[in-house]
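Here is how the chains run, residue by residue.
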Amino acid sequence: MADTVLVVEDEKEIRELLRRYLERAGFAVVTTGSGAQAVTMVADRVAALVVLDLGLPDVDGMEVLRAAREAGATPVVVLTARGAVEDRIRGLELGADDYVIKPFSPTELVLRVQAVLHRAHAGVPGAVMSFGDGRLLIDESRHEVHWNGELLELTPTEWGLLTVVAAVPGRVYSRYELINQVRGYEFEGYERTVDSHVKNLRHKFGGCGPDVVQTVHGVGYRLGLRRDR
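What comes next is a walk through the structure. Bear in mind the structure is a predicted one, so any value in this text is a computation, not a measurement.

## Here's the deal with the sheet that holds strand β8 (residues 144-147)
Right, on to step 1. Sheet architecture is open: four strands sit in the order β6-β7-β8-β9, paired in antiparallel fashion. Of all strands in the sheet, those bounded by a partner on one side alone are β6 (129-131) and β9 (150-152). Averaged over all adjacent pairs, the angle separating strand axes in this sheet is 25°, with direction ignored.

So this is what it looks like as structure tokens:
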């Protein structure tokens, strides 16, 4: 069954352009030009991924993004004319998985959608990885993370960051390595991008977040838990 993509865009011409390109790539597509309706649709989890314009007429797109993060781990690709680094950082801090600036290439956007969904669906059969005497469990085949027995809802980017640092516990990964391994590319301000996603990831672990994903000042980040034998 094809993944469904929700396109939230107030300009009808752009909505229909994206529909054509996404359907040509094999996706099912639903669309809306209303931020309020998008909030409801996101809460109902009607789609596997959301392409979200920030400049909506009724509800600011950042509010829709915030609602998407509160509703769960549905990936969000922001599509906007707001190209300033500060705008991108704010969007990423709120949990966007990618950020595309208008004017844009529909073909490139489709490739980014495919890349985000690939990360979301990633996982190969294998044993569950256990860290910190069983406090942290990473099941790549089921794409699940448990912390102290509770299932965590991670965005695809948060999942990518965690699995990268967990590959070799204790090894320090630079921000450059992380952004390229998780996102596959870099852009201006990529260091702050990584910091924003790490901040969000740590929040999922509660007060223990800084101990799970540790900062090595001037270098990068590492997993602060030992892998169980």
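## Quick look at helix α2 (residues 35-43)
Right, on to step 1. Listed in full, the buried residues belonging to α2 are Gly35, Ala38, Met41 and Val42. Down the axis of α2, the smallest arc covering the buried residues is 115°, so these residues share one side.
Right, on to step 2. If you follow the buried residues of α2, they end up packed against β1 (4-8), β2 (28-32), β3 (49-53) and α3 (61-71).
Right, on to step 3. A side-chain oxygen of the first residue of α2 lies 3.3 Å from the backbone nitrogen of Ala36; this N-cap is Ser34.
Right, on to step 4. Remark: Arg45 follows α2 within two positions and exhibits a positive phi of approximately 55°.

## Observations concerning the nonpolar core
Most often, soluble globular proteins keep nonpolar side chains buried together rather than apart.
Right, on to step 1. Judged by nonpolar contacts, the single largest core of 27 residues is most densely connected at Leu136, Ile138, Leu162 and Leu223.
Right, on to step 2. Of all the secondary-structure elements, those providing two or more residues to this core are β6, β7 (136-139), β8, α6 (156-167), α7 (175-183), α8 (190-204) and β12 (220-223).
Right, on to step 3. In terms of residue count, α6 provides more of this core than any other element does, six residues in total.
Right, on to step 4. When near neighbours in sequence (up to four residues on either side) are disregarded, Ile138 contacts Val128, Met129, Phe131, Glu144, Val145, Trp159, Leu162, Thr163 and Ala166.
Right, on to step 5. In terms of nonpolar packing, the next biggest core, distinct from the first, is built from 20 residues, Val8, Val50, Leu52 and Leu54 among them.

Calculation criteria
Residues numbered from 1 in each chain as written. Predicted model: local features only at pLDDT ≥ 70, side-chain atom pairs only at ≥ 80, totals over all residues. Heavy atoms only, no water. Pairing = 2+ DSSP bridges. Helix = DSSP H or I, 4+ residues; strand = E, 2+ residues; numbered from the N terminus. Axes fitted to C-alpha atoms, helices over the stretch in contact; angles between N-to-C directions. Buried < 20%, exposed > 50% of the residue type's maximum accessible area, 1.4 Å probe, protein only. Arc of directions from axis to C-beta. Contact = heavy atoms within 4.5 Å. Polar contact = N/O pair within 3.5 Å; in protein donor to acceptor, adjacent residues only side chain to side chain. Core = buried A, V, L, I, M, F, W, Y, C linked by side-chain atoms within 4.5 Å.

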